[in-house]
Structure formats: structure tokens, C-alpha cells
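Listed here are the chains, written in short residue letters.
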Amino acid sequence: MKKIGTIAMAALLTGSLAGGIPAFAQEEAAQVISAKEEDTTNYMKFTGVIQNIEKGEGEIRLTVENEEKLIMILRINDDSLLLNSGTTEKIQKEDLKKGATIEGYYDKNKPMILIYPATVTPELVIVKDEDIFGEVKVSKFDENFLSLDKGLKLNIAEETILLNQQGEAIEKKDLKGKEIVVFYKATTKSLPPQTTPSKIIALDYVTEEMAKVQDIIAADHYMKDGVKMIPLRKVAEQLGYTVQSQPKVNGALVTLENSSFTITRGDKTYGYNKSIRTFEVAPELKGMKTYVSEDFLELLIRN
């Protein structure tokens, strides 16, 4: 579903803007399609220098120019997360200055107004610190903490600060399934490069689709052995999967495109394509519905 929307948006950018600013339209379209093909991040990035700052009601508007002289307007409000690349700390929108280099990250799945310069409200802004060196990577990572673009491997140490977007301490297991902001100083010369981050922030990313999933789970779940059990069919179908009952094996087959899950009630192991995975708690039938442990949701979202 998202793939169709992204390609359609790219086509709109190319077609609607071709007469006025084809170079910008083509670049944006190529970036959008490339980003979705990789699916390594939920965000598009625009890097540039702040040329002008306008104050509005509850927000400020930054005119940002990149190295190719393309302009983008970033609308910064109280929901935008602003972070310093060197100190790794949050900053206020009032602290932004003309001449600062910033990276604006905005949700690539949200529609963009087809005008030039493009105007977006970024979810995340990284302000480059001129005095304190620090690198930042925003990406999805796999279970081994290798970024999905294969560009960085994380070696998370005891001293690595782990926070959620609200600034609260979290544990390493809480990073799973999250897009994260990684602050680090240096990497090894290996392939892929490796680093021990100084801080990691797990981002909240809630699409309209996921908001509906969260509503389903809030209205229909129960706890077993400290684990939240969620309704398999309702959740999977909301995410676009097909769920087929398999009475002969007391389970279900869950499919979407090239992904296939074979689930058996009462068995903690399940098949995922040609591999074997494990639930935290075995699926079970309750009130004529199959419930699975919430950790299964992470894998459904990834596919």
C-alpha cells in the first residue's frame, strides 16, 4: 500500500512540476523512489544552511539552501525534535541561527505540497555543532544492529546512553523495531564500519495505519506471563496481510507478497519463509480468535 503511494507521489512530482522546475522535480522523484526501494528509513533528509528565519504563531520558518542551491522551507514547531550533533542534547527552536548547517528529516510517506520551494514540517532536525565534533546517523537497524543500508554496525556498550524520544531511559531491547538516531565520534575502517555510540534515541514513528493497529490492540488484548497478547487476524489484516485458517494443523497461514508465516496454536516456534522463529508466548485460541504475543508485530511491520 505504501509502495504504491510513494511511487504515485514521485510521478506527481515529476509530472506536475516538469514545466517549471524539472531538475528539482526529477531529483525529488528519484530520491523518493530510491528511498522506498531501500526502505532503510522512514525519512527523507535535506541538508543545507539556514539563510533566513521567520517567526510565526507557534512556529518558525527556516529558509534552507543546500550545496546545489536548492531551497527548502522548514516549518519548525513544538513537535519538531531538535538535536545538537556535538553535545547530543536537545535545543529549542529559538536557538536556531542564520548560517547554521542543519539536517532536516521529514516523513517520506506524507504528501508534499507541490510548490517550489518545497515546504515541509520536519519531525527531526540535527544542528551541526561547529565546535564539538560528532557524527549522526538516522536509520532502521536489524536485530544485530547493522543499519539496513549496511553502512554502520553498532557495538552498544554499557556507557551508551539509550533514550526514547521523550528523553526517558530505555533498555537495549526497547530499540528493536524502532528507527533510531545514533550519535558517535569515530568508526573502524572495516566493512561495514563499526562504532560504539555515545547516545541513541529511539524515534516514535506512527503512521495512520499503525495508529489504527494501536487502536485495535488497545481495545482487544490481554496479558499472559507478563506479555501482551494481541489478535492475530485483526492486526495482520490491518497491515495488509491475508490470514488463512489451517484447522488441520490448529493454526494459520499469514501472507503478504513474498512474506509467509506459518503459525500453530500452542507452539512457540513458527515458520517465517524458510526460517524458524520463536514467540515470547505460544499463540492460543481465546473466544474463537487466535492471539499471538506482541513481539510478532515487529516482524509484521518490517515486511
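Structure shown above.
I will try to describe carefully the structure that is included in this document. These figures come from a predicted structure and were not determined experimentally. (Residues numbered from 1 in each chain as written. Predicted model: local features only at pLDDT ≥ 70, side-chain atom pairs only at ≥ 80, totals over all residues. Heavy atoms only, no water.)

**Some thoughts on the side chain of threonine 63**
Turning to step 1, where the next piece is worked out: With respect to the helices and strands, threonine 63 occurs in strand E2 (residues 59-65).
Turning to step 2, where the next piece is worked out: When near neighbours in sequence (up to four residues on either side) are disregarded, threonine 63 contacts Val49, Ile50, Gln51, Asn52, Ile71, Met72 and Ile73. (Helix = DSSP H or I, 4+ residues; strand = E, 2+ residues; numbered from the N terminus. Contact = heavy atoms within 4.5 Å.)

**Notes on the pairing of strand E4 (residues 81-84)**
Turning to step 1, where the next piece is worked out: Along E4, one buried face is formed by Leu81 and Leu83 and the opposite face, lined by Leu82 and Asn84, is buried too.
Turning to step 2, where the next piece is worked out: Two strands pair when backbone bridges link them, and E4 and strand E7 (residues 124-127) are joined in this way by 4 bridges, in the parallel orientation. Opposite leucine 82, over in E7, you have valine 125 as the bridge partner. (Buried < 20%, exposed > 50% of the residue type's maximum accessible area, 1.4 Å probe, protein only. Pairing = 2+ DSSP bridges.)

**A closer look at the packing of aromatic side chains**
Turning to step 1, where the next piece is worked out: For the structure on display, the rule yields 8 aromatic pairs.
Turning to step 2, where the next piece is worked out: With a centroid separation of 5.0 Å and an interplanar angle of 65 degrees, the aromatic rings of tyrosine 222 and tyrosine 291 are classed as edge-to-face. Pair noted here: tyrosine 222 is in strand E14 (residues 222-224) and tyrosine 291 is in strand E22 (residues 289-293), with a separation of 69 residues, a long-range link. As far as burial versus exposure is concerned, tyrosine 222 and tyrosine 291 are alike and both buried.
Turning to step 3, where the next piece is worked out: Here the aromatic rings of phenylalanine 261 and phenylalanine 296 are separated by 5.1 Å at their centres, their planes lie at 85 degrees, and the arrangement is edge-to-face. With a gap of 35 residues between them, phenylalanine 261 in strand E18 (residues 259-264) and phenylalanine 296 in helix H5 (residues 295-302) connect regions that are remote in the sequence. The two residues phenylalanine 261 and phenylalanine 296 agree in class, both being buried.
Turning to step 4, where the next piece is worked out: Ring pairing ties together the aromatic residues Tyr241, Phe261, Tyr270, Tyr272, Phe279 and Phe296, which thus form one cluster. (Phe/Tyr/Trp six-rings, centres within 6.5 Å; stacked < 30°, edge-to-face > 60°.)

**Regarding unusual backbone geometry**
Turning to step 1, where the next piece is worked out: The step from leucine 191 to proline 192 runs through a cis peptide bond, and the omega angle for that step is -5 degrees.
Turning to step 2, where the next piece is worked out: Unusually for a residue other than glycine, aspartate 225 sits at a positive phi of about 55 degrees.
Turning to step 3, where the next piece is worked out: Considering the arrangement of structural elements, one finds aspartate 225 in the loop between E14 and strand E15 (227-231).
Turning to step 4, where the next piece is worked out: With relative accessibility at 67%, the residue aspartate 225 sits in the exposed group.
Turning to step 5, where the next piece is worked out: Phi is positive for asparagine 250, close to 55 degrees, though the residue is something other than glycine.
Turning to step 6, where the next piece is worked out: Checked against the element boundaries, asparagine 250 lands in the loop between strand E16 (242-246) and strand E17 (251-256).

**Some details on the sheet that holds strand E21 (residues 284-286)**
Turning to step 1, where the next piece is worked out: Taken together, 4 strands build an open sheet; the order of strands is E14-E15-E22-E21 and the sheet is antiparallel. A strand with exactly one partner marks an edge of an open sheet, and here the two such strands are E14 and E21. When strand polarity is set aside, the average angle formed by the axes of neighbouring strands in this sheet is 45 degrees.
Turning to step 2, where the next piece is worked out: The sheet contact formed by E15 and E22 spans 3 bridges and is antiparallel. Following the sheet pairing, proline 231 is matched in E22 by tyrosine 291. (Axes fitted to C-alpha atoms, helices over the stretch in contact; angles between N-to-C directions.)

**Observations regarding the nonpolar core**
Turning to step 1, where the next piece is worked out: By size, the foremost hydrophobic cluster in this structure holds 23 residues, and its most contacted members are Val235, Val254, Phe261, Phe296 and Leu300.
Turning to step 2, where the next piece is worked out: If you list the elements that add at least two residues to this core, you get helix H3 (208-219), helix H4 (232-238), E17, E18, strand E19 (269-272) and H5.
Turning to step 3, where the next piece is worked out: Contacts of valine 254, omitting those with residues within four sequence positions, involve Leu232, Ala236, Tyr241, Thr242, Val243, Ser259, Ser260, Phe261, Ile263 and Leu300.
Turning to step 4, where the next piece is worked out: Of all hydrophobic cores here, the second largest spans 19 residues; its members include Ile50, Ala100, Ile102 and Val125. (Core = buried A, V, L, I, M, F, W, Y, C linked by side-chain atoms within 4.5 Å.)

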